[in-house]
2 protein chains.
Amino acid sequence: VNFLPYELITKKKQGIANTPEEIRWLVRAYTDGLVPDYQMSAWAMAVWFRGQNDEEIAVLTEAMRDSGEKFNFSSLGAPRIDKHSTGGVGDKTSLIIGPIMAAAKVHMPMIAGRALGHTGGTLDKFMSLPGFRIGLSPEEFTENVKKYHWSLVTQSEKICPADRKFYALRDVTATVDSLALICASIMSKKLAEDLTHLVLDVKFGSGAFMKTFSQATQLAQTLKATGERNGVKVHALLTNMNEPLGRFAGNALEVRECYDILCGQTAIDNGRDYYEPTRELSLALSGQMFFILGRATSAEAGVAMAREILNSGAARAAFENLLKYQGPTQIEKLPEAKFKDDVRVEASGYIRQINTEALGIALVELGAGRKKAGDELDMTAGLEMCCRLGDQVKAGQCLVKIFANSNRDFARVTELMRAAFTIGPTPPDELLPLIAKVLT
Amino acid sequence: VNFLPYELITKKKQGIANTPEEIRWLVRAYTDGLVPDYQMSAWAMAVWFRGQNDEEIAVLTEAMRDSGEKFNFSSLGAPRIDKHSTGGVGDKTSLIIGPIMAAAKVHMPMIAGRALGHTGGTLDKFMSLPGFRIGLSPEEFTENVKKYHWSLVTQSEKICPADRKFYALRDVTATVDSLALICASIMSKKLAEDLTHLVLDVKFGSGAFMKTFSQATQLAQTLKATGERNGVKVHALLTNMNEPLGRFAGNALEVRECYDILCGQTAIDNGRDYYEPTRELSLALSGQMFFILGRATSAEAGVAMAREILNSGAARAAFENLLKYQGPTQIEKLPEAKFKDDVRVEASGYIRQINTEALGIALVELGAGRKKAGDELDMTAGLEMCCRLGDQVKAGQCLVKIFANSNRDFARVTELMRAAFTIGPTPPDELLPLIAKVLT
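With that settled, consider helix α4 (residues 54–65) of chain B. All names here are of chain B. For α4, spanning 12 residues, the distance from its first C-alpha to its last is 16 Å, which sits close to the expected 16 Å at 1.5 Å a residue. Within α4, nine of the 12 residues are buried, which leaves the element mostly enclosed by the surrounding structure. Restricting attention to buried positions, one finds in α4 the residues Glu 56, Ile 57, Ala 58, Val 59, Leu 60, Thr 61, Ala 63, Met 64 and Arg 65. Looking at the packing, one finds that the buried side of α4 touches α1 (5–13), α2 (20–31), α3 (37–50), α8 (161–172), α9 (179–191) and α10 (213–229). Near the N-terminus of α4, the side chain that reaches the backbone nitrogen of Glu 55, with its oxygen 3.1 Å away, is that of Asn 53.

This is the structure we're talking about:
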């Protein structure tokens, strides 16, 4: 059956749902180049305004999943779980969760992404270890998952080509921030992983794509519903991205933080452990994963299990093992920045707000992220948080340390970072918890 | 100054007005190919949802007018007026208004269009006269206007190229029916005519682009405001397109109807003159033109003046004169259809509704209009109305006669036409007048 793109756009524009047949045809015809970009972008804008109902989102997701190759882990004869975060600054929990799952012999095939905009990417973090290989063949990846339970691979061009093409179009036509389209983009790739279970870390706040808790909750519900329509069991944590997560943001620095945590280390300053948020969120997500898999009777019991695996050193061993079979490389090869500098407080007061997205953009300027696909990264570039939201700070005190292999942009980045902090005479009215809500 | 198309789309999407500089840049950059179709269509869809304020519409209109060549009639040292109709079925008043204006020595440069969708085009009607020339050089056109007061020319590709390119894109991305974009498209071309006065015939009803009176009124107000922001005095008539206008629809048939009216003839059947609506609307528009030009002290006085010119034979002479200087051709050359047939009533009742757009689409099937640009027309194809909305009709009675040079599609067209009539046991609740409102 052929449809007229004009009719499909008109329906959506008028608030009428597209049928499953229409959506499947549209995705196929767009991927094949039969529907031109200018019709697809008009449709995307109509979707931005009208949204999609649950069935439309599920069908769009499936159609994008089915636009390319899919993994097939049925021969494992065991559940496969993944964790997906909607992205943030310093968001590095995968590097701790993966080892915990591997140590618990839970299969975790991780198809990971590169840095996107102001947010980091798990693959880039691992790539800061010279010798780490992300371009595994599907065979080697599958073999690793079978043998070691945990492996990472870059998203191949053969997985979800429809999403790849459509995302690039949305990116230049201001249609990225549509709940329906975000959901389909995320879930199509997750479904192509042939998962049985998924735990989502949906971020809200100044460093997240969803700025408000209510938007993030809506996205979490939609992602969960879409996954479950496709037979994947999904739980979601709504977590706080109003400040960077933990101590460091930046590729090699984040690997260091995670390895320290896997080794049982802390980063205590003035009675506060700057590693705590990363550790606790990683354990909460891991605990939720044990719970959803039925390995623990509650999320709390799951967290206790995860903490025991972390404390036992088994997770550290699993991480070091990964560096062997997906390298070989060693943690000692992690590069360190040639330059570092302090971003200092100008006028005393309370940290009322942190524009975390602005910090992420400053990190891109420093070389820790990409302005456009293909940009080279400075793996050593990053920041260290020396304060937290709500802290009382004095003029001259260090807010953030910056790191990079070149100090060329330090003056500019210092200004960008300083401008990201709102410091005022009174503390902020309310500080939201790190984990604000759990959808099970 | 360069703008980012992404930012312009985002603003409009969020309901923020684009600045005049942004709109001018967008039109220029799109026309020059610097902004791709896929960004322009996303912007157009955002405009469809959010609309534009009066300033945005005025600036868009000016920017499209300024994208190409413009006429300059300042050397005339006299007012120039045009009439513009938003289009309908059997809408042929230009062929009577032009001669009336010419006879009154009012300058009327008419840049006319081809048939569009289900609506007819003035140029196609004249082209049914073999030998009539529409592709005059700007010099000959200007000379004609100076000498004979009235001339017609086809829209050259050099006039409003931005509108030409943008309209083609809107046509395939379901963004034609935006009040702001319709207004800018119409008025940019009218402003390029270098008019001083304009009378609009804004159609509402089943055969118009604007189906409701309130939509049409909004469009009329917006067109008027945009024209007046650009120094053109504008009046608008809101007129009824819930049934075809007058007796005939179809190119040669409409010329015949107009020439008959110019000759003072009637088409009386059962005590009703089927020519009356065409004659009266033409006189109303002509009267409004005399009024807006200050040649008459009221619209009513203007209508009396126009009626006198019509009755005197001076308008007929002006029409015949046009056929000489813009031909040469003669009315006797008007072709007649080889075939005709009756579309008959199936079950007795009252004509409660006429889907006039469906009649227009059936006319396209018959060859009277184009499915796509460049399609050849059958100049003899058309319909004759043998009833009017609200009439009581009996089974077997003729609703409509169809005409064409081939009867190949008669069975199908008969069905399409019959389906366009809703016949029921009671008369329609309300019949709107031919001229529902005048905006002065």
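Now for the sheet that holds strand β12 (residues 392–393) of chain A. The antiparallel open sheet is built from three strands, whose spatial order is β12-β10-β14 (chain A). The two strands at the open ends of the sheet, each matched to only one other strand, are β12 and β14 (421–424) of chain A.

Let us look at unusual backbone geometry. Omega for the peptide link from Gly327(A) to Pro328(A) comes to 5°, which places this bond in the cis form. Mapped onto the elements of the fold, Pro328(A) is located in the loop between α14 (314–325) and β9 (339–344). Despite not being glycine, Lys105(A) shows a phi value in the positive range, around 60°. Within the secondary structure, Lys105(A) sits in the loop between α5 (94–103) and β2 (108–112). We note that Ala174(B) has phi near 60°; this positive angle belongs to a residue other than glycine.

So, on to the relation of the copies chain B and chain A. Once turned by 179° and shifted 0.0 Å along the axis, chain B lies on chain A with an RMSD of 0.1 Å. Viewed as a symmetry operation, the transformation between the two copies matches a two-fold axis. Among all C-alpha atoms of chain B, that of Tyr38(B) lies closest to the rotation axis, at 1.8 Å. Most of the interface of chain B is mirrored in chain A, where 100% of its interface residues again form contacts.

Before going further, it helps to spend a moment on the interface of chain B and chain A. Chain B puts 20 residues into the contact, and the matching count from chain A is 20 residues. Carbon and sulfur atoms make up 72% of the surface buried where chain B meets chain A, a total of about 1,800 Å² over both sides. Of all residues in chain B, Lys13(B), Tyr38(B) and Phe49(B) give up the largest surface area on contact with chain A, accounting jointly for 33% of the area buried on that side. Our count for the contact surface shared by chain B and chain A stands at two salt bridges. Linking Lys13(A) and Asp177(B) is a salt bridge whose minimum nitrogen-to-oxygen distance equals 2.6 Å. Taken together, the links from chain B to chain A amount to nine residue pairs in polar contact (both at pLDDT 80 or more). Sorting the residues of the side of chain B that touches chain A by element identifies α1, α3 and α8 of chain B as the ones contributing at least two each. Broken down by class, the residue content of the side of chain B that touches chain A amounts to 11 nonpolar, four polar and five charged.

Now for the packing of aromatic side chains. Residue and element names in this part refer to chain A. Scanning the entire structure with this criterion turns up 29 aromatic pairs over all chains. The interplanar angle of 75° and the centroid separation of 4.9 Å between the aromatic rings of Trp 48 and Phe 49 together place this pair among those described as edge-to-face. Look at Tyr 148 and Tyr 325: their rings are 3.7 Å apart centre to centre, the planes differ by 5°, and that puts the pair in the stacked class. Of this pair, Tyr 148 sits in helix α7 (residues 138–148) while Tyr 325 sits in helix α14, and the two are 177 residues apart along the sequence. The exposure class assigned to Tyr 148 is partly exposed, which follows from its relative accessible area of 25%.

All names here are of chain B. Covered by surrounding structure in strand β11 (residues 382–385) are Gly 382 and Glu 384 together with Leu 383 and Met 385, the residues of both alternating faces. Alignment of strand β6 (residues 248–249) against β11, held across two bridges, turns out to be antiparallel. What sits directly across from Ala 249, in β11, is Leu 383. Across four bridges, the pairing between β11 and strand β13 (residues 398–404) is antiparallel. Residue Leu 383 lies in a different strand from β13, and its bridge partner there is Ile 402.

Glancing now at the pattern of salt bridges. Residues and elements named next belong to chain A. Under the counting rule described, the total for this entry stands at 66 salt bridges over all chains. When the shortest N-O distance is used, the salt bridge between Asp 409 and Arg 412 registers 3.3 Å. Linked by salt bridges that have partners in common, Asp 273, Arg 279, Glu 280 and Arg 307 make up one network.

Conventions adopted
- Residues numbered from 1 in each chain as written.
- Chains lettered and ligands numbered in written order.
- Predicted model: local features only at pLDDT ≥ 70, side-chain atom pairs only at ≥ 80, totals over all residues.
- Heavy atoms only, no water.
- Helix = DSSP H or I, 4+ residues; strand = E, 2+ residues; numbered from the N terminus.
- Expected span 1.5 Å × (residues − 1).
- Buried < 20%, exposed > 50% of the residue type's maximum accessible area, 1.4 Å probe, protein only.
- Contact = heavy atoms within 4.5 Å.
- Polar contact = N/O pair within 3.5 Å; in protein donor to acceptor, adjacent residues only side chain to side chain.
- Pairing = 2+ DSSP bridges.
- Least-squares fit on C-alpha atoms with pLDDT ≥ 70 in both.
- Buried area = accessible area lost by both parts, 1.4 Å probe.
- Salt bridge = Lys/Arg side-chain N within 4 Å of Asp/Glu carboxyl O.
- Nonpolar A, V, L, I, M, F, W, Y, C, P; charged D, E, K, R; others polar.
- Phe/Tyr/Trp six-rings, centres within 6.5 Å; stacked < 30°, edge-to-face > 60°.

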